[in-house]
Amino acid sequence: MSPFRLLIAAVTIAGSVTSSQTLFAPDSSARRSREFHALHYRLELAFDHKGKSVAGSVGIRLTPLAGPLDSLVLDAVDMSVSSVRLEAGRALNYRYRSPSLTIRLDRTYAFGETLAVRVTYSCTPSKGLYFIYADSGGGRHDQIWSQGEDMDNRYWFPCYDYPNDKATSEVIGTVPADWTLLSNGRLAGETRDAKKNTRTFHWIESKPHSTYLIMVAAGRYAIIRGKYRNIPLEYYMYPADTALWSSTFGRTPAMIRFFEEKTGIPYPWEKFDQIIIDDFMWGGMENTTAVTLNDMSVVDARAAIDFPSDPVVAHELAHMWFGDLVTARDWTHLWLNEGFATYCEKLWTEATRGKDEFQYEMIQDSFGIRGDERMLGRKPIVSHDSHPANLYARGSWVLNMLRSILGDEAFFRGLHAYLVRFQYANAETDEFRLAMEDATGQSLDWFFREWVFGAGLPKLEISKAWDGESRTLRLVVRQDQQIDSLTGYFRLPLAVECTTERGRTQQVFWVSGKEDTLSMALDGPPLMVIADKGYRLLKDMHFPKSDDEFIYQLKHASDVADRITAARMLGDEGKEPPVREALQASAAADPFWGVRESALTALAVMRNDSSKGTFLAATRDPSSRVRTTAARFLPSFKGRDVAGCLDTLARSDSSYMVSGTALRELASVDTVRAFEVARDLLSREGNRDMVRRSALSAMRTAGDPRAIALALPYTDRGNRDDVRRIAVSVLGRIGKDSLSARERLRALLSDGSPSMRSAAVSAVMEWKDQEFDSILAAMEPKETSPEVLSILKRALHPPHSSEEEEEK
Ligand SMILES: [Zn+2]
């Protein structure tokens, strides 16, 4: 599964409301024992889109596991069960109390025997299977799709719903005649019923997988077909989007080849399909052979500059090996799925965009991990309710550190051995460790104890001293993290690089205790000392140096990470001109965009007029990220040329992100001009209405009353929800005295969509307007949506904490 990053990123630049999506947290129950092993599931289901229901049967072939079996329990939530039979036909007694269906067998079955039961049922699932309606507006499509992980498939078919059992599966699904239904495995057949006007698809997954990976997704799709070797690849897109296939999915075959090479395991399933769905709560989901993807993953070439689909496509594809072929035995070992898939995204970056980009992404992830730890406290990766950052980013970082300790060849050989040993089966962390140990001969117990079963990070305090007489550099490395049962002193390979007049030398020291002193003999005094060369350790590091040393490092360090650190350390108010000049030079000419961006950010902190030219020049940088940063800070400089430059960027930059940022900043320096640009951009088409969203949010900031008439049509139902919400916020910001704005907001407060009602409540809550206050008060007792209720509560009963503080 992958979180909603594309959407979050896209929405943030457009200045809209951010998503309230909570990240997946595994259950806290202990690992489940099982009495039987399911061999095969056969789902025969008719899907009723209008009625939001499913009816049919599930056949399960199984074999006793614990001992003689005279009854069995299936997970089945809120179903209406009409019969349970042996496949041979005989009816069986059963007792159904949601969430468990207990079936009494006709006799006792011994270990080694197999039996098959068939449950006939119907249900209106509240989870696991989702029904989407085109007439609910927002550019949606009629659809049905499932999301099994973590344990929601039990809401639409009875099964053993826990990852530690694997079975083959089969889905025979009936949908309206003009729909397509996708499921796992190969398409074995397709029939039409002219009388009922339906179509039935028969899919077979012939390799065993966990039940949470069983899926269906159905709707009206255009199917684009391709092939990698003999593996069929299909892409289910909305008919209007097929021109975006190449920018969205074009690299899929190359990715499959890449992961085959990295793992040494040929793609392990029958086919690989990807399907776009609406209203998905995740970025993507790795259902075996049939990945579901958020509609935000579909990008045009312009959006792909800043929001490429590669990370989510690579992530879900990598799960075909890590997660689907080898599956975490229980949810506490979920990093074996998610950490690995996340690391595979980085490997794809490294292969296609180079070492610098790879290092930069790892640095960004390390910030996320440290931020989560500060906010949520320390937790081991393997623990109940582990943080998402642990399962994804820290898991990925752990693999990267393991790779640097073992070396590339041994690391990937170990991964291969692990996949071979546990293919089509389950594994847990110790089994992964043992596979790596067996393949490489290295004892890794200490490493897993520190990084996977322990928590926290090394906090390194480093100081250095040069002894000219003995020509020795001494480094004192202290580990300053809190030491307790969760976190100890880490054993770390610390690569140190020293540069002297004559050249560079590098040495790796193993540091381990509270304090270590390292010595390096050099041919002269060091000009630059880099600790953790190559950014191989996940850590907090404090290594004080003089400005001159950091200037040298900014100019000469070979790793992106070290130049970025230098830029950050130099960015402070009250620095001498040489610091500014070095940062200006770096912002203009460093070969890597991430360093140029960091240098600009450091210069922005200094707020010195002499940097204005650097920022103006950076708006023409080849990297859209650098141009975005330049646009973001330009308003802190005076002059008519600032607004002119932002105007040009907003109207004509090749990146949506730059254009959106420039427009937003323009609204903060010249509201009239911003309104005019926004008005011109409002009708422009762009990926997922990105331009329109930026234009509306700039209008909101600019506050020109002419925006009311322009925003009103975008509050209509035919528009995307995100566009409607921003248009509503424009009315809230400037429409208090406008009759038409008030009338529309009144109507929206009783709109059928909870998301529109909450947008309307947010829009009027600051008004302190008698009419609307009484409408809100009347709404509260009738409101059923928790999302709307929570905003209503804030509107009607604002917290008083600030007043109390004033009294103190
Ligand atoms: Zn994932």
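First, a word on scope: everything that follows refers to the structure included in this document.

## Considering the overall build of the chain
Right, on to step 1. Per the secondary structure count, the chain includes 28 helices and 28 strands.
Right, on to step 2. Taken over the C-alpha trace, the chain has a radius of gyration of 29 Å; the compact-globule value for 808 residues is 28 Å, and the two agree within 12%.
Right, on to step 3. Across its three principal axes, the chain shows a C-alpha extent of roughly 90 × 75 × 60 Å.
Right, on to step 4. Put simply, the chain has 808 residues, and 59% of those count as buried.
Right, on to step 5. Across the chain, the fraction of contacts at a sequence separation of at least 24, relative to all contacts at a separation of at least 6, is 68%.
Right, on to step 6. Computed over 100 positive and 110 negative side-chain charges, the inter-centroid distance for the chain is 3 Å.

## Side note on the pairing of strand β13 (residues 198-209)
Right, on to step 1. For strand β10 (residues 167-176) and β13, the ladder comprises nine bridges, and the chain directions are antiparallel. Bridge pairing in β13 places S169 opposite E205.
Right, on to step 2. Linking two consecutive strands that pair antiparallel, namely strand β12 (residues 186-193) and β13, is a turn of four residues; a positive phi of about 60 degrees is found at N197 within it.

## Section: the environment of Y343
Right, on to step 1. Within the secondary structure layout, Y343 lies in helix α6 (residues 335-353).
Right, on to step 2. Each C-alpha atom of the pair Y343 and V398 lies 9.2 Å from the other, and the pair is 55 residues apart in sequence.
Right, on to step 3. Excluding anything up to four places from it in sequence, Y343 contacts F358, M362, S396, L399, N400, R403 and F411.

## Re the side chain of D152
Right, on to step 1. Inspection of the secondary structure assignment puts D152 in the loop between β9 (143-146) and β10.
Right, on to step 2. Salt bridges are absent for the buried D152, whose nearest opposite-charge side chain, K127, sits at 4.0 Å.
Right, on to step 3. In contact with D152, other than residues within four places in its own chain, are K127, G128, Y130, Q147 and D161.

## Concerning the coordination of the zinc ion
Right, on to step 1. Distances from the zinc ion to its protein donors, M1 (N), M1 (O), H315 (NE2), H319 (NE2) and E338 (OE), fall within 2.0 to 2.4 Å.
Right, on to step 2. Expressed as a motif, the donor residue spacing for the zinc ion is M-x313-H-x3-H-x18-E. Here M1, found in the segment before α1 (5-14), pairs with E338, found in helix α6; they are 337 residues apart in sequence, far enough to count as distant. When sorted by exposure, M1 lands in the same class as E338, which is buried.

## A closer look at the pattern of salt bridges
Right, on to step 1. A complete count under the given rule lists 68 salt bridges for this structure.
Right, on to step 2. Taken together, the salt bridges that share partners define one network made up of R31, R329, D330, E428 and E431.

## Some words on the sheet that holds strand β18 (residues 284-285)
Right, on to step 1. In space, the five strands of this open sheet follow the order β15-β16-β17-β19-β18, with mixed pairing throughout. Where the open sheet ends on each side, the last strands, each with one partner, are β15 (222-228) and β18.
Right, on to step 2. Pairing between strand β17 (residues 272-277) and strand β19 (residues 290-294): five bridges, direction parallel. Each bridged residue has a counterpart across the sheet, and for I275 the counterpart in β19 is T292.

## Quick word on the nonpolar core
Right, on to step 1. One finds Y41, F47, W321, W335, Y418, F432 and W451 to be the most contacted residues of the largest nonpolar core, which totals 159 residues.
Right, on to step 2. Counting residues per element, this core draws most heavily on helix α8 (residues 388-406), at nine residues.
Right, on to step 3. Ignoring anything within four residues of it in the chain, the contact list for F432 reads W335, L336, F340, L399, L402, L415, Y418 and F448.
Right, on to step 4. Counting residues in each nonpolar core, the second largest holds 89 residues, with F307, V560, F675 and M779 among its members.

## As for helix α25 (residues 754-765)
Right, on to step 1. With twelve residues, α25 extends 16 Å from end C-alpha to end C-alpha; this agrees with the ideal 16 Å at 1.5 Å per step.
Right, on to step 2. Counting buried residues in α25 gives ten out of twelve residues, a clear majority hidden from the surface.
Right, on to step 3. All of the buried residues along α25 are S755, M756, R757, S758, A759, A760, V761, A763, V764 and M765.
Right, on to step 4. On its buried side, α25 packs onto α23 (721-734), α24 (739-748), α26 (770-779) and α27 (786-796).

## Brief notes about empty space enclosed by the protein
The rolling of a water-molecule-sized probe over the atoms marks out the regions of remaining empty space.
Right, on to step 1. One pass over the full model with this rule turns up six cavities of 30 Å³ or more.
Right, on to step 2. At the level of secondary structure, the elements contributing two or more residues to the lining of the largest cavity comprise α7 (355-376) and α8.
Right, on to step 3. Residue composition of the lining of the largest cavity, grouped by class: three nonpolar, four polar and five charged.

## Quick look at the sheet that holds β12
Right, on to step 1. Overall, mixed pairing links the seven strands, which are arranged β4-β7-β2-β1-β10-β13-β12 in an open sheet. Every other strand in the sheet has two partners, leaving β4 (79-86) and β12 as the edge strands with one partner each. The average angle at which neighbouring strand axes cross in this sheet is 15 degrees, direction not considered.

## Considering the environment of L444
Right, on to step 1. You can see L444 is positioned in the loop between α10 (429-440) and α11 (445-453).
Right, on to step 2. Owing to a relative accessible area of 2%, L444 belongs among the buried residues under this scheme.
Right, on to step 3. For L444 and S82, which are 362 residues apart along the polypeptide, the C-alpha to C-alpha distance reads 54 Å.
Right, on to step 4. When sequence neighbours within four positions are dropped, the list of residues in contact with L444 reads L402, L406, R433, M436 and E437.

## So, helix α9 (residues 408-422)
Right, on to step 1. Over its 15 residues, α9 extends 21 Å from the first C-alpha to the last, a length consistent with the 21 Å expected when each residue adds 1.5 Å.
Right, on to step 2. Among the residues making up α9, those that are buried are A410, F411, F412, G414, L415, Y418, L419 and F422.
Right, on to step 3. Packed against the buried residues of α9 are α3 (252-263), β20 (326-328), α6, α8, β21 (425-427) and α10.
Right, on to step 4. Phi for Y424, located one or two positions after α9, is positive at around 55 degrees.

## Topic: the packing of α6 against α8
Right, on to step 1. Two elements in contact, α6 and α8, have axes separated by 7 Å at closest approach and are oriented at 65 degrees. Two packed elements cross with a definite hand, and for α6 against α8 that hand is right-handed. Facing α6, whose interface residues are W335, E338, G339, F340, T342, Y343, K346, L347 and E350, α8 presents L391, Y392, G395, S396, V398, L399, N400 and R403.
Right, on to step 2. Looking at the contact of α6 with α8 residue by residue, the class counts come to eight nonpolar, five polar and four charged.

## What to know about the environment of D106
Right, on to step 1. With respect to the helices and strands, D106 occurs in strand β6 (residues 100-109).
Right, on to step 2. Dropping the residues within four chain positions of it, D106 is found in contact with L86, R90 and L92.
Right, on to step 3. A polar side-chain atom of D106 sits 2.7 Å from a polar atom in the side chain of Y109.

## Observations concerning the packing of α8 against α9
Right, on to step 1. Relative orientation of the contacting elements α8 and α9 amounts to 125 degrees, with a least axis distance of 6 Å. One element, α8, and the other, α9, form an angle in the oblique class. Between α8 and α9 lies a crossing whose hand is right-handed. Along the contact surface, α8 presents L399, L402, R403 and L406, while α9 presents D408, A410, F411 and F412.

## Quick look at the packing of aromatic side chains
A ring pair, where both rings are aromatic, is described by two values, the distance of the centres and the angle of the planes.
Right, on to step 1. Evaluated as defined, the whole model comprises 38 aromatic pairs.
Right, on to step 2. Seen from their ring centres, Y235 and W245 are 5.4 Å apart, and the 80 degrees between their planes marks the pair as edge-to-face. In this pair, Y235 is assigned in strand β16 (residues 231-237) and W245 in helix α2 (residues 245-249), connecting sequence segments ten residues apart.
Right, on to step 3. Measuring from ring centre to ring centre gives 5.5 Å for W269 and Y424, while their planes differ by 85 degrees; the resulting arrangement is edge-to-face. Within this pair, whereas W269 is found in the loop between α3 and β17, its partner Y424 is found in the loop between α9 and β21, the two being separated by 155 residues in sequence.
Right, on to step 4. On the accessibility criterion, Y424 (23% relative accessible area) is partly exposed.
Right, on to step 5. Among the aromatic residues, those joined into a ring-pair cluster are F322, W335, F340, Y418, F422, F432, W446, F447, F448 and W510.
Right, on to step 6. The aromatic ring of W446 is capped on one face by R491, whose charged end is 4.4 Å from the ring centroid.

Parameters and conventions
Residues numbered from 1 in each chain as written. Predicted model: local features only at pLDDT ≥ 70, side-chain atom pairs only at ≥ 80, totals over all residues. Heavy atoms only, no water. Helix = DSSP H or I, 4+ residues; strand = E, 2+ residues; numbered from the N terminus. Rg over C-alpha atoms; globule rule 2.2 N^0.38 Å. Buried < 20%, exposed > 50% of the residue type's maximum accessible area, 1.4 Å probe, protein only. Contact = heavy atoms within 4.5 Å. Lys, Arg positive; Asp, Glu negative; His and termini not counted. Charge placed at Lys NZ, Arg CZ, Asp CG, Glu CD. Pairing = 2+ DSSP bridges. Salt bridge = Lys/Arg side-chain N within 4 Å of Asp/Glu carboxyl O. Donors = N, O, S within 2.8 Å, 3.2 Å for Na, K, Ca; no water. Core = buried A, V, L, I, M, F, W, Y, C linked by side-chain atoms within 4.5 Å. Expected span 1.5 Å × (residues − 1). 1 Å grid on protein atoms, 1.4 Å probe; cavity = no way out; pocket = protein on both sides within 12 Å on 5 of 7 lines; lining within 4 Å. Points joined across faces, edges and corners; volume = space filled by probe spheres on them. Nonpolar A, V, L, I, M, F, W, Y, C, P; charged D, E, K, R; others polar. Axes fitted to C-alpha atoms, helices over the stretch in contact; angles between N-to-C directions. Left-handed = near helix turned anticlockwise from the far one by under 90°. Polar contact = N/O pair within 3.5 Å; in protein donor to acceptor, adjacent residues only side chain to side chain. Parallel < 35°, antiparallel > 145°, perpendicular 65-115°, else oblique. Phe/Tyr/Trp six-rings, centres within 6.5 Å; stacked < 30°, edge-to-face > 60°. Lys NZ or Arg CZ within 6 Å of the ring centre and 35° of its normal.

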